[in-house]
Amino acid sequence: MGHRLAFAVLMLAVATSLHADPRVHTFYYGWYATEAVDGHQAHWNHEVLGVDDRGRFPGGQDIGADFYPAPGCYSSNDPAILAIHMQQMRSLCIGVVVASW
């Protein structure tokens, strides 16, 4: 199953959660990539900002963010990560997910 189809199925699972609140919205950006899954890293740093955060996060990574993700830098194409994110959204009763392709 392609990652977009898997994502759509998981989004449907979030949307049909019994406790989903249609007043609670979130944005979901599915553009992150890692060497292990995608063969390259994408969107984990941001040269335009001109901030050097190397050494601030594990492995000396500069990820262009204020917080480091609990699972580490992940790929949006990883079905296990998608499942974790959708479960987190479900547990927070998020009723609307705006996905950026």
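Nothing here was measured: the structure is a model prediction, and the numbers come from that model.

Caption draft 1: Main features of the confidence of the model for the protein. Across the protein, the average pLDDT comes to 78, with 65% of residues at or above 70. By mean pLDDT, the top-scoring element of the protein is helix α2 (residues 35-38) (91), and the lowest-scoring one is helix α1 (residues 3-15) (59).

Caption draft 2: Highlighting a nonpolar patch on the surface. Among the surface-exposed residues, F27, Y29, W31 and V98 lie close enough to one another that they form a single nonpolar patch of about 390 Å² accessible area. For Y29, the location among the structural elements is in strand β1 (residues 21-29).

Caption draft 3: A look at the pattern of salt bridges. With the rule as written, the count across this model stands at 1 salt bridge. In this structure, the salt-bridge partner of D21 is R23, at a minimum N-O distance of 2.8 Å. Given a relative accessible area of 17%, D21 falls into the buried group.

Caption draft 4: Up close: helix α3 (residues 79-91). The end-to-end C-alpha distance of α3 is 18 Å, a good match for the 18 Å that 13 residues give at a rise of 1.5 Å each. Within α3, the full set of buried residues consists of I81, L82, H85, M86 and M89. For α3, the buried positions fall inside an angular range of 130 degrees around the axis, keeping them on one side. The N-cap of α3, judged by a side-chain oxygen 2.9 Å from the amide nitrogen of A80 a few residues on, is D78. In the stretch just after α3, C93 is the one whose phi turns positive, near 60 degrees.

Caption draft 5: Structural detail: the packing of aromatic side chains. Counted under the stated rule, the structure contains 6 aromatic pairs. Judged by centre distance (4.4 Å) and plane angle (35 degrees), the ring pair of Y32 and W44 falls under tilted. Placement of the pair is Y32 in the loop between β1 and α2 and W44 in the loop between α2 and α3, with a sequence separation of 12 residues. Here Y32 matches W44 in class, with each residue buried. Following the ring pairs from residue to residue traces out a cluster consisting of F27, Y29, W31, Y32, W44 and Y74.

Criteria and cut-off values
- Residues numbered from 1 in each chain as written.
- Predicted model: local features only at pLDDT ≥ 70, side-chain atom pairs only at ≥ 80, totals over all residues.
- Heavy atoms only, no water.
- pLDDT = per-residue confidence, 0-100.
- Helix = DSSP H or I, 4+ residues; strand = E, 2+ residues; numbered from the N terminus.
- Patch = residues over 30% accessible without salt bridge, like charges linked within 9 Å, V, L, I, M, F, W, Y side chains within 5 Å.
- Areas by Shrake-Rupley, 256 points an atom, 1.4 Å probe, with all protein chains shown as cover.
- Salt bridge = Lys/Arg side-chain N within 4 Å of Asp/Glu carboxyl O.
- Buried < 20%, exposed > 50% of the residue type's maximum accessible area, 1.4 Å probe, protein only.
- Expected span 1.5 Å × (residues − 1).
- Arc of directions from axis to C-beta.
- Polar contact = N/O pair within 3.5 Å; in protein donor to acceptor, adjacent residues only side chain to side chain.
- Phe/Tyr/Trp six-rings, centres within 6.5 Å; stacked < 30°, edge-to-face > 60°.

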